[in-house]
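For reference, the chains in residue letters:
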Amino acid sequence: IIDDIIIEDQPAWLQFLQGNHDYLMKVPKDNAQAVFTANHQPSKEMFDRNIRVLVSQGIEFDYVAFNMDDPIVGGPKNKPLRQAIALAYNSVPVIEKFYLGLAIKAESPIPPALEGFDANYKNPTREYNLSKAREILQKSGDATHLPELTFDTLTNTHSRQLAEYFQRSVAELGLKVKINGWTWPELLARIKRKQSQIWPMNWLYDYADAENGWQLLYSRNESP
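The model shown is predicted, which means the values in this text are computed figures rather than measured ones.

Novice: What should I look at first to understand the packing of aromatic side chains in this one?
Specialist: To describe a pair of aromatic rings, one takes the distance between the centres and the angle between the planes. The tally for this structure, following the rule as stated, stands at six aromatic pairs. Ring centres of Y89 and Y165 lie 5.4 Å apart, and the angle between their planes is 85°; on these two criteria the pair is classed as edge-to-face. With Y89 in the loop between α4 (79–88) and α5 (91–98) and Y165 in helix α7 (residues 157–171), this pair connects stretches of sequence that are 76 residues apart. The class for Y89 is buried, based on a relative accessible area of 18%.

Novice: Could you clarify how one ought to interpret the pattern of salt bridges in this entry?
Specialist: Pairing of side chains with opposite charge becomes possible as their charged atoms draw close. In total, this model carries eleven salt bridges according to the counting rule given. In this structure, K44 engages D48 in a salt bridge whose closest nitrogen and oxygen atoms are separated by 2.7 Å. With K44 and D48 both in helix α3 (residues 44–48), this residue pair falls four residues apart, about one helical turn. The salt bridge involving E127 is made with K132; its shortest N-O contact spans 3.3 Å. According to the relative accessible area criterion, K132 is partly exposed, its value standing at 34%. Taken together, the shared-partner salt bridges connect D69, K194 and E222 into one network.

Novice: Would you take a moment to explain the nonpolar core for this structure?
Specialist: Nonpolar side chains tend to gather and get buried jointly when the protein is soluble and globular. The biggest cluster of nonpolar side chains holds 26 residues, and the ones touching the most others in it are I85, L149, F166, L173, L175 and I198. For this core, the secondary structure elements donating two or more residues are α4, α5, α6 (130–140), β2 (149–154), α7 and β3 (177–182). Core analysis: the next-biggest nonpolar cluster, separate from the first, contains eight residues, W13, V35, F36 and V53 among them.

Novice: I keep staring at helix α8 (residues 184–192) and nothing clicks. Help me out?
Specialist: Each α-helix winds once per 3.6 residues, and so residues spaced three or four apart point in a common direction. Of the residues making up α8, those classed as buried are L187, R190 and I191. Down the axis of α8, the buried side of the element spans an arc of 100°, and every buried residue falls inside it. Where the residues of α8 are buried, they touch β2, β3 and β4 (198–204).

Novice: In this structure, what is going on with the packing of α4 against α6? I would like to understand it.
Specialist: Packed helix pairs are specified by the crossing angle of their axes together with the interaxial distance, meaning the distance between the axes. Between α4 and α6, the shortest axis-to-axis distance is 8 Å and the interhelical angle comes to 165°. With respect to their mutual orientation, α4 and α6 come out roughly antiparallel. The two elements α4 and α6 cross, and the hand of that crossing is left-handed. Contacts between α4 and α6 involve P80, L81, Q83, A84, L87 and A88 on the former and, on the latter, L130, K132, A133, I136, L137 and S140. For the contact of α4 with α6, the residue count by class is nine nonpolar, two polar and one charged.

Novice: For this particular structure, what's the right way to read the side chain of S169?
Specialist: As for its placement among the helices and strands, S169 is situated in helix α7. With relative accessibility at 9%, the residue S169 sits in the buried group. With residues up to four places along the chain from it excluded, the contact list for S169 reads A88 and Y89.

Definitions and limits used
- Residues numbered from 1 in each chain as written.
- Predicted model: local features only at pLDDT ≥ 70, side-chain atom pairs only at ≥ 80, totals over all residues.
- Heavy atoms only, no water.
- Phe/Tyr/Trp six-rings, centres within 6.5 Å; stacked < 30°, edge-to-face > 60°.
- Helix = DSSP H or I, 4+ residues; strand = E, 2+ residues; numbered from the N terminus.
- Buried < 20%, exposed > 50% of the residue type's maximum accessible area, 1.4 Å probe, protein only.
- Salt bridge = Lys/Arg side-chain N within 4 Å of Asp/Glu carboxyl O.
- Core = buried A, V, L, I, M, F, W, Y, C linked by side-chain atoms within 4.5 Å.
- Arc of directions from axis to C-beta.
- Contact = heavy atoms within 4.5 Å.
- Axes fitted to C-alpha atoms, helices over the stretch in contact; angles between N-to-C directions.
- Parallel < 35°, antiparallel > 145°, perpendicular 65-115°, else oblique.
- Left-handed = near helix turned anticlockwise from the far one by under 90°.
- Nonpolar A, V, L, I, M, F, W, Y, C, P; charged D, E, K, R; others polar.

Below is the structure:
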């Protein structure tokens, strides 16, 4: 088995179409129209190329994390800022643009495939409500006095575009965000040393038990 690690989506996609690889882990978002029809069925182009498209339900979730020891975004006194940022972040366009419309909005760390998932539960902190976000910031103090926030992410195009979406979202609150790109080892090291302020993260369950997701939020698992 030969496993080629190609950082960017487009070179990996082109190599796959040229027949240099037997399997591609994911469909790049910019090539979704070539792969899927409007109702997310495999396209005729894929059928004609003798490419089989596999769609399966994953047990994972993506999230944006805050450094709770950071003086600007962490701790109890900065909870209104975190709430406002969460309310200003609309995940619906993210699902359509970056996840091919196949993902669902997470209301908790428990994905639908796991026991404990409640389809009727709606997380009040996960709604998109820009006016409420602005109201929270106004009550807690003027957002314009806050320094520029820092968003650490990976250097690939997909991660950069997601970071820019976050940047535009919080700009609606009058907040400025600087984006820093890192390799995965560099980003992981910064997180473990508590040097990052805000960053995106993905958790793929190690085993099919909700405990494996909730343990991320357990205080004894604090870095380092």
